[in-house]
Number of protein chains: 2
Amino acid sequence: MVAELISVGTEILLGNIVNTNAAYLSEKCASFGLSLYNQQVVGDNEDRLADALKVAIERSDIVILSGGLGPTQDDLTKEVTAKVMGCELIEDAHSKDHIISMLKSFALKENITENNWKQAFVPKGAIIMENHNGTAPGIIIEKDGKSIILLPGPPNEMIPMFEESVTVYLNKLQPEILYSMMVKICGVGESKVETLVLDLINGQTNPTIATYAKTGEAHIRITAKAKNLGSAKKMVEPIVETLKDRFKDNIYSTNENEELEDVVVKELINKKLQVVTVESCTGGLLAGRLINVSGVSQVLKQGFITYANESKMKLVNVNESTLKQFGAVSKEVAIEMAKGGIIEADADIGIAITGIAGPNAEEDKPVGLVYIACCYKDNVVVKEYNFNGNRQKVRDQSVTKALDLLRRCLK
Amino acid sequence: MVAELISVGTEILLGNIVNTNAAYLSEKCASFGLSLYNQQVVGDNEDRLADALKVAIERSDIVILSGGLGPTQDDLTKEVTAKVMGCELIEDAHSKDHIISMLKSFALKENITENNWKQAFVPKGAIIMENHNGTAPGIIIEKDGKSIILLPGPPNEMIPMFEESVTVYLNKLQPEILYSMMVKICGVGESKVETLVLDLINGQTNPTIATYAKTGEAHIRITAKAKNLGSAKKMVEPIVETLKDRFKDNIYSTNENEELEDVVVKELINKKLQVVTVESCTGGLLAGRLINVSGVSQVLKQGFITYANESKMKLVNVNESTLKQFGAVSKEVAIEMAKGGIIEADADIGIAITGIAGPNAEEDKPVGLVYIACCYKDNVVVKEYNFNGNRQKVRDQSVTKALDLLRRCLK
């Protein structure tokens, strides 16, 4: 089956935002075995959206639109789609109740305005998908063997809706079972990963093998098409085994939905260990990633953000002489931060990050130089990194590497 | 003039990479006053690329293609474009010399293969743009009043070529200037913002007014087209003044590149004030946002992540009795966290967040309930919020509201 994406939003056409939704949806289409030959982007304009949709329906079986479901006049996706498909819009009582409860809870002082009710109207006969993170319901219209899927634009609404509802729908549409596993790797560069699996990729037909680069990580997806789940699994598993042989402990998970922080927190809970974070240049982002995981309260009680030298001394007892001799961005200070954190928090493991996120070099050291220390029992591991990219990218890579170092130290 | 983008590459259709080129080129088109109504993405496929190009030429004056200029058989963009435009491909001596010198310098170990010469062929009569970062020359074909611009796909080749050569070309083409300002609002919901500017939007032609929703924020862009910058500014500024009248101190910036955290840090620096963050459910994300701003080290020395009750007591001296009486998620604890943070960090302002990010309710309180306290001198402000959405969304909204509360308390 052929799928096509239409991203709707003037902000994409103006370059205000990067179209990450299209990348997410493309990857998902591939994982469902759908052939994707075209993506389109149009603004919130009735004629152009209608034209884009007509072209897409003509050449594709499934058209996924994202964006333009908001409450404002600009937002036309639902109205235009209903018109093109010849569907009447009717008020959906359940969607209206949902809008009321959503707006009541997050905008106490704000009046519900007339245009909010626009979101409760849905095409007659459509499948409605509830939006747990916003007021715009998702919509699926089926007609003449085609499926038109309407999703909200904000990724934090679109992605959960896709995972929860669209996935179920697409699974039903597919005559064959698709089964995929994701091998998640941290500690080997993307191009090296690609080189190491080139022989497998080149020979691929079914299962298919594809690599994806994430910040500080590389993911490999293996997807098989088969008549039933058992057969599909039998096709995927030997390849996963081959990858395990090749990448060994650089693989942190083979579960699509498991992030690096999930693995770390699970391991801490299993081992009944308390962790403490001590962060300089990442300023709380590492703790923020760990606290993503529900249940983390068992293993992370507190964290320190020691941005200034004085706070490194005051909060986690880094020695003034160490700071003077080696500078704040040094192996020595990273180790003292981790050790001091353990003592102050009465924790079992301390993880500390100190580095230069930029934009300016400091202490005659270059932007991107980062030290990460992990102390666990008598073990002290400290790593030096030289990251590329801007302030944000240096900090994101630092957090990923810190999580990976924690993971390895816990083994 | 109307521009259109065609991104060529199977890796975009598979979701292997995010199409950042399209965002870059879109923003550039807007800055040149070009109207961009459509973006397309197609794979390296002759028929589909030809179809996409024909549609684009029909409806647009300038078509910018990126990708598919490489040396391999897959790369078809130049060949297909020449065919569609009815141009003959001829060998360009200068491009051939450039290829030889590039390959000699960056691929010492790699032999020059026959298909490398493919890149030296250019459409007869085309404008050739030199590629200082790769072997594929850029190409501009002019025919029947249309301009077709071919750029290499890798951003580190495409962007320098755009800045150096395409910019010069577009400046010559463009009769009008485009100028825009962004009014950034926090504290009024998106749909309410829309309602409050509907009269302005409805009457829009030039300048245009568009609203954008961000997490916890609403942005309004006003864009004018005119013969020169002065005239364009004169068209935009009265509307910005009208918006200032309507939204007053809910507007935190009119600078496109200024984020909420930038405004807060600038104000702290101006007032020479030290801030301290004390975070429970957001676990470091607020400090992480502040530390996004370079120069923040002058005003933020440290922060506390007090996830557990015991750490609220130990690190920032929250009273055990307050915790027992009101629970960790309460106005009273939020205030004690902020006050305790100020004392411990010897800071001027304390901002504290305590709440229930989910997935489970706690203390008989619902998911999404968040208290944010800000203490500055004798002033104590504490706000109760009931956020919607998943764990991540509750935390993101909390951070935005905390930054906004800080901003307001600093006034």
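Overview of the structure. Fair warning: this is a prediction, and the values are worked out from it, not measured in the lab. (Residues numbered from 1 in each chain as written. Chains lettered and ligands numbered in written order. Predicted model: local features only at pLDDT ≥ 70, side-chain atom pairs only at ≥ 80, totals over all residues. Heavy atoms only, no water.)

**What to know about empty space enclosed by the protein**
Counted according to the given criterion, the structure contains five cavities of 30 Å³ or more. Around the largest cavity, the lining is made up of 14 residues, and of these A:N19, A:A22, A:Q39, B:N19 and B:A22 lie nearest the centre. Those elements that provide at least two residues to the lining of the largest cavity are helix 2 (20-31) and strand 2 (35-42) of chain A together with helix 2 (20-31) and strand 2 (35-42) of chain B. By residue class, the composition of the lining of the largest cavity is ten nonpolar, four polar and no charged. The wall of the second largest cavity is formed by A:G68, A:L69, A:G70, A:D75, A:K78, A:E79, A:K118, A:A136, A:P137 and A:I139. (1 Å grid on protein atoms, 1.4 Å probe; cavity = no way out; pocket = protein on both sides within 12 Å on 5 of 7 lines; lining within 4 Å. Points joined across faces, edges and corners; volume = space filled by probe spheres on them. Helix = DSSP H or I, 4+ residues; strand = E, 2+ residues; numbered from the N terminus. Nonpolar A, V, L, I, M, F, W, Y, C, P; charged D, E, K, R; others polar.)

**A short note on the sheet that holds strand 11 (residues 217-226) of chain B**
All names here are of chain B. In space, the four strands of this open sheet follow the order 10-11-9-12, with antiparallel pairing throughout. What marks the edges here is a single partner per strand, and that holds for strand 10 (208-214) and strand 12 (251-253). When strand polarity is set aside, the average angle formed by the axes of neighbouring strands in this sheet is 30°. Summarising the sheet, strand 9 (residues 177-186) and strand 11 pair through ten bridges and their orientation is antiparallel. Directly across from C186, in strand 11, lies its bridge partner E217. Sheet strands touched by helix 14 (residues 391-409): strand 9, strand 11 and strand 12. Its angle to strand 9, the strand with the most contacts, is close to 90°. (Pairing = 2+ DSSP bridges. Axes fitted to C-alpha atoms, helices over the stretch in contact; angles between N-to-C directions. Contact = heavy atoms within 4.5 Å.)

**With respect to the sheet that holds strand 16 (residues 369-376) of chain A**
Judged by pairing direction, the sheet is mixed, and its ten strands sit side by side in the order 17(A)-16(A)-15(A)-13(A)-14(A)-14(B)-13(B)-15(B)-16(B)-17(B) without closing on themselves. What marks the edges here is a single partner per strand, and that holds for strand 17 (379-386) of chain A together with strand 17 (379-386) of chain B. For this sheet the average axis-to-axis angle between neighbouring strands, irrespective of direction, equals 10°. Two strands pair when backbone bridges link them, and strand 15 (residues 349-355) of chain B and strand 16 (residues 369-376) of chain B are joined in this way by seven bridges, in the antiparallel orientation. Within strand 16 of chain B, the residue paired with B:I349 across the bridge is B:Y376. Of the strands in this sheet, strand 14 (300-306) of chain A together with strand 13 (275-279), strand 14 (300-306) and strand 15 of chain B touch helix 11 (residues 309-316) of chain B, which is tilted by about 150° from strand 14 of chain B.

**Here's the deal with the side chain of A:T277**
Along the chain, A:T277 falls in strand 13 (residues 275-279). The residues touching A:T277, leaving out its near neighbours within four places in the chain, are A:L286, A:A287, A:L290, A:L300, A:Q302, A:G303, A:F304, A:I351 and B:I305.

**A few points about the interface of chain A and chain B**
Much of the literature gives interface size as the accessible area that the parts lose upon coming together. Listed per partner, the contact involves 81 residues of chain A and 81 residues of chain B. Across the contact surface, chain A and chain B share one salt bridge. For B:K393, the salt bridge identified is with A:E157, shortest N-O distance 3.8 Å. Summed over the shared surface of chain A and chain B, the number is 29 residue pairs in polar contact (both at pLDDT 80 or more). Partitioned by chemical class, the residues of the side of chain A that touches chain B number 31 nonpolar, 35 polar and 15 charged. Pairing of strand 2 of chain A with strand 2 of chain B involves five bridges; the strand directions are antiparallel. Of the residues in strand 2 of chain B, the one forming a bridge with A:Q39 is B:V41. (Salt bridge = Lys/Arg side-chain N within 4 Å of Asp/Glu carboxyl O. Polar contact = N/O pair within 3.5 Å; in protein donor to acceptor, adjacent residues only side chain to side chain.)

**Regarding helix 3 (residues 46-59) of chain A**
Residues that lie three or four places apart on an α-helix share one face, since the helix turns once every 3.6 residues. Residues and elements named next belong to chain A. Helix length check: helix 3, at 14 residues, gives a terminal C-alpha distance of 20 Å against a target of 20 Å (1.5 Å per residue), a fit within 8%. Those residues of helix 3 that fall on the buried side of the exposure criterion are L49, A50, A52, L53, A56 and I57. Taken end-on, helix 3 shows its buried residues confined to a sector of 165°, consistent with a single buried face. For helix 3, the exposed residues lying more than 90 degrees away from the buried face are D47 and E58. The inward-facing, buried residues of helix 3 contact strand 1 (2-8), strand 2, strand 3 (62-66), helix 4 (77-85) and strand 8 (146-151). The N-terminus of helix 3 is capped by N45, whose side-chain oxygen sits 3.2 Å from the backbone nitrogen of D47. (Expected span 1.5 Å × (residues − 1). Buried < 20%, exposed > 50% of the residue type's maximum accessible area, 1.4 Å probe, protein only. Arc of directions from axis to C-beta.)

**Focus: the layout of surface pockets**
Approximately 590 Å³ is the volume attributed to the second largest pocket. What lines the second largest pocket is a set of 27 residues, among which A:A30, A:L34, A:S35, A:T208 and B:L14 lie closest to the centre. Only helix 2, strand 2, strand 10 (208-214) and strand 11 (217-226) of chain A together with helix 1 (10-13) of chain B provide two or more residues apiece to the lining of the second largest pocket. Looking at the lining of the second largest pocket, its residues break down into eleven nonpolar, twelve polar and four charged.

**A few points about the environment of A:E46**
Residues and elements named next belong to chain A. With respect to the helices and strands, E46 occurs in helix 3. For E46, a relative accessible area of 36% gives the class partly exposed. Beyond its immediate chain neighbours, meaning those up to four positions away, E46 contacts L76, V80 and K83. Side-chain polar atoms of E46 contact the side chain of K83, separated by 2.8 Å.

**Details of the pairing of strand 13 of chain A**
Residues and elements named next belong to chain A. Where burial is concerned, most of strand 13 is hidden: five out of the five residues are buried. Burial along strand 13 is two-sided: V275, T277 and E279 and V276 and V278, pointing in opposite directions, are all buried. Strand direction decides the pairing type here: strand 13 and strand 14, joined by four bridges, are parallel. Bridge pairing links E279 to I305 in strand 14. Note: strand 13 against strand 15 (residues 349-355), five bridges, orientation parallel. Bridging from a neighbouring strand, T277 pairs with I351 of strand 15.

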